[in-house]
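# Fold and geometry: a report
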Amino acid sequence: MSFIEINNLSKKYYNGSQTVNAMVDVNISITDREYLAVTGPSGSGKSTFLSLLGGLNKPTNGSVLIDDINMFELTTNQIASLRREYIGFVFQSFYLINYLTVSENVLLPLAIAGKSQKEQFEMLEKILEKVGIVDKKNRLADELSGGEQQRVAIARALINEPLIILADEPTGNLDSKTGNKILDLFETLNSEGKTIIVVTHDDKVRERTRRVLEFSDGKLIN
Amino acid sequence: MKLYNISLNSLKRKKTKTALLIFSLFLSVLSVITLLILSNEMQKNISHNLDEYGANILITPKTDEIQYSYGNLNLGSVTYTSNNLSLKELKNISKINHSKNISIVAPKLYVQTVIDGNSLMIAGVDFKQEIRIKKWWKINGQIPGVDDQILIGISVKKKNNLEINDSLLINEKKFHIAGFIESTGSQDDNSVFMSLPVTQTLFDKPDEITLAEVAALCYDCPIEEIVYQTSDMLPGAKVTALKQTIEAKTTAVNSFKKFSVGVSSVIMLISVLMVFSALNSSINERLKEIGVFRAVGMRGFEIVKIILTEITIASFVAALFASIGSFWITRLILPILTDAKDIALAFDYSIPVVAILLSISIAAISGIIPIYRAIKLDPAMALRTL
Ligand SMILES: Nc1ncnc2c1ncn2[C@@H]1O[C@H](COP(=O)(O)OP(=O)(O)OP(=O)(O)O)[C@@H](O)[C@H]1O
Ligand SMILES: [Mg+2]
């Protein structure tokens, strides 16, 4: 059964008089528990693809169905709820809130989930442990290195145990040891039943996934 | 962590931004509140001053026969009137409900007499009250202090060739001229003013008065109400509101009101702009932040809650300081502006309430539009702004 169904997905950006075809007529079925790599040269539309899947962006054309829900027929708030329930998003450039601490950034998805203080604390400790950043938990996001920020971004995406993880270059700023730790984590999560889609340039990442989607000029070529 | 923790941390950790926001809100609320208090007190002050500038209520005997034409008093008829008012009855005016609004009561007994072949008008008055109500009188010499002193109008002085300290025989009694009133262009020019009790004795009219001029303060009470209450208390008298005086006063106070409303509006507008720029000095950062909130699954109202909590806390702090500030500023400025030393300015508890409402509305007006815009934006777009 397909978990994520993508039909005729297209996205055009209008830059003044210029039109960028960032996504051209993409059709894919992604089943439950898949572990996918998305590759392609810079500017080929990988980030665009991910943000469309996560409902952060509206397509010019086409549809994305998650668990049979047609995402772009929903209101903005409904998409937000869907995202909260299903999707953890790791951004290419982290997007941490710089006046919040590591813990507070990671807890953001739980601030609206109605979890008790105690539950929040337990989930926080667990995920910080997993991404290896417990010792920095009271530091402001501003004061972290790129690799540390990346791990905070990953922890934030994973804390509420979403069914789908969309990660844009999640190991781009990490040394190979820490990178491997994250990839191990992804593998465990996948074996626990999560669907994972990772944008990457890294062959090592690609090798550990089960399927590879390759983009070129917004088209899916493989 | 709860949503409000995000707001609190934002306020706490973005110190410069928070200080700027609170300060601009403080200035806005302070200026509007101060202006409101000042203009309110000044309106009251102007209103009272105008109310005491001449009479706005006239009390005359109830009669069909005799029409007193006030301001241009008909001499002939006054002399033959028999049903004058009683001073004792007039005193009952202090028993009306709004007696604290009665500022000046100036009773008068007019008697016509002839001296050296010239017809003269004698006005028995209570000098203290008379001087207060006739603020336009310019007196040369002194206000009579003892019973045998009189004040004369300019025409009386000229016709009879009189000077200060000269004596004058009225009804076989000798009076000394304490001073004369410079030209008023009214009946006063032809009158001789002496103390009321002396006049009553001299002309054998004990306790009688012809009329009384009253200045009522009607800033917080309609004049009709005072007239009504006074008529009730003085059944033998006809109580009339002097429409002309009242209209002129109302016009003056209203134009001041309009002026202060205008100035307040301009200040409000400047305030909103000031707070707007404080709130939106880092709009791109805010947009990105809202993009993150959306990306982690927050709905519009949850984001609004975070930002409104922030704005509300800042507004409260600003309003608190502004209330205290306006209290002190008005206490310093009011005595200078109104020359009234006895203005008892107790701390009015409605001030902080108004301040908080004002503060929150200014902040909300300045803050809601950009929030709304950011929420409408696709999160991916919001995140790219930087
Ligand atoms: N908001 C936008 N407005 C205009 N053009 C955009 C916008 N976002 C992306 N693009 C353009 O769309 C194309 C695809 O961009 P995208 O970010 O998806 O590429 P990418 O494959 O993620 O590249 P990279 O590997 O460098 O991250 C690029 O040409 C980019 O310039
Ligand atoms: Mg990208």
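Position numbers for residues count from 1 along each chain, tracking the sequence in the order it is written. All chains are assigned letters beginning at A, and all ligands numbers beginning at 1, according to the order in which they are written. Thresholds applied to this predicted model are a pLDDT of at least 70 for local features of residues and 80 or more for the giving and counting of side-chain atom pairs; totals over whole chains, interfaces and linings are not thresholded and use all residues. Working from all heavy atoms in the structure, the side-chain values ignore hydrogens and water.

On to the site of ligand 1, then. For this purpose, a residue is taken to be near a molecule or strand whenever a single non-hydrogen atom of the residue falls within 4 Å of it. Neighbouring ligand 1 are 16 residues, the closest being A:Ser42, A:Gly43, A:Lys46, A:Ser47 and A:Thr48. Nearby residues place ligand 1 at the junction of chains A and B. For ligand 1, an oxygen atom lies 3.2 Å from a polar atom in the backbone of A:Ser44. Contact between ligand 1 and B:Arg384: a nitrogen atom at 3.1 Å from a side-chain N or O atom of the residue. Note on areas: Shrake-Rupley, 1.4 Å probe, and residue coverage restricted to the protein chains presented here. Taking 630 Å² as the accessible area of ligand 1 by itself, protein coverage stands at 77%. Only DSSP runs of H or I with at least four residues qualify as helices, and only runs of E with at least two residues qualify as strands; both kinds are numbered from the N terminus onward. Listed by contribution, the elements that provide at least two residues to the shell around ligand 1 are strand S1 (2-15), strand S2 (18-31) and helix H1 (46-53) of chain A together with helix H13 (379-384) of chain B. Any N or O atom pair separated by 3.5 Å or less is treated as a polar contact, with the protein-specific requirement of one donor-capable and one acceptor-capable atom, and with residues adjacent in sequence counted only for side-chain atom pairs.

All right, on to the pairing of strand S8 (residues 195-199) of chain A then. All names here are of chain A. Exposure is judged per residue with a 1.4 Å probe applied to protein chains only, and the accessible area is read against the type maximum: over 50% gives exposed, under 20% gives buried, and values in between give partly exposed. Of all the five residues making up S8, five are buried; the element is thus mostly covered by neighbouring parts of the structure. Of the two faces of S8, the one holding Thr195, Ile197 and Val199 and the one holding Ile196 and Val198 are both buried throughout. Here, any two strands with at least 2 DSSP bridges between them count as paired. Relative to S8, strand S3 (residues 35-39) runs parallel, the two being bridged by four bridges. Paired with Val38 across the bridge in S8 is Val199. Note that strand S7 (residues 164-168) and S8 share five bridges and pair parallel. From the neighbouring strand, Ile164 faces S8, where its bridge partner is Thr195. Call a crossover right-handed when, viewed with both strands pointing away from you, the route from the first strand across the helix to the second goes clockwise. With helix H6 (residues 176-191) bridging S7 and its parallel neighbour S8, the resulting β-α-β unit is right-handed.

What follows concerns the domain arrangement of chain B. For chain B, the domain assignment lists domain 1 (3-50 + 251-384) and domain 2 (57-64 + 78-241). Centre-to-centre separation of domain 1 of chain B and domain 2 of chain B, based on C-alpha positions: 55 Å. Marked domain ranges trace back to an automatic or database domain assignment.

What follows deals with the nonpolar core. Each nonpolar core is a collection of buried residues, namely Ala, Val, Leu, Ile, Met, Phe, Trp, Tyr and Cys, held together in the definition by side-chain atoms within 4.5 Å. Core analysis: the biggest nonpolar cluster contains 112 residues, and A:Ile4, A:Ile6, A:Phe49, A:Leu108, A:Phe186, B:Ile6 and B:Met298 have the highest contact counts within it. Sequence-distant contacts of B:Met298, defined by excluding residues within four places in its chain, comprise A:Ala80, A:Leu108, A:Ile112, B:Leu3, B:Ile6, B:Phe293, B:Ile303 and B:Ile306. Core analysis: the next-biggest nonpolar cluster, separate from the first, contains 44 residues, B:Ile93, B:Leu168, B:Met194 and B:Ala241 among them. Contacts between residues were defined by any pair of non-hydrogen atoms, one from each residue, lying within 4.5 Å.

All names here are of chain A. Each metal's donors are the N, O and S atoms found within 2.8 Å of it, except that Na, K and Ca use a 3.2 Å limit; water is left out, so coordination can look incomplete. Around the magnesium ion (ligand 2), the protein supplies Ser47 (OG) and Gln92 (OE1) as donor atoms, at distances of 1.9 to 2.3 Å. Here Gln92 lies in the loop between strand S6 (87-90) and helix H3 (102-107) and Ser47 lies in helix H1, a separation of 45 residues in the sequence. Ser47 gets classed as partly exposed once you look at its relative accessible area, which sits at 31%. The class of Gln92 is partly exposed, set by a relative accessible area of 40%.

A few words now on the packing of aromatic side chains. Only centres within 6.5 Å qualify two rings of Phe, Tyr or Trp (six-membered ring in Trp) as a pair; their planes then separate them into stacked at under 30 degrees, edge-to-face at over 60, and tilted for everything else. Tallied over the full model, the rule gives nine aromatic pairs over all chains. Of the aromatic side chains, those joined through ring pairs into one cluster are A:Phe89, A:Phe91 and A:Tyr95. When the ring centre of B:Phe180 is taken as reference, the NZ or CZ atom of B:Lys157 above it lies at 4.6 Å. Here, over-ring charges are defined by two tests on the NZ atom of lysine or the CZ atom of arginine: distance to the ring centre within 6 Å, and angle to the ring normal within 35 degrees.

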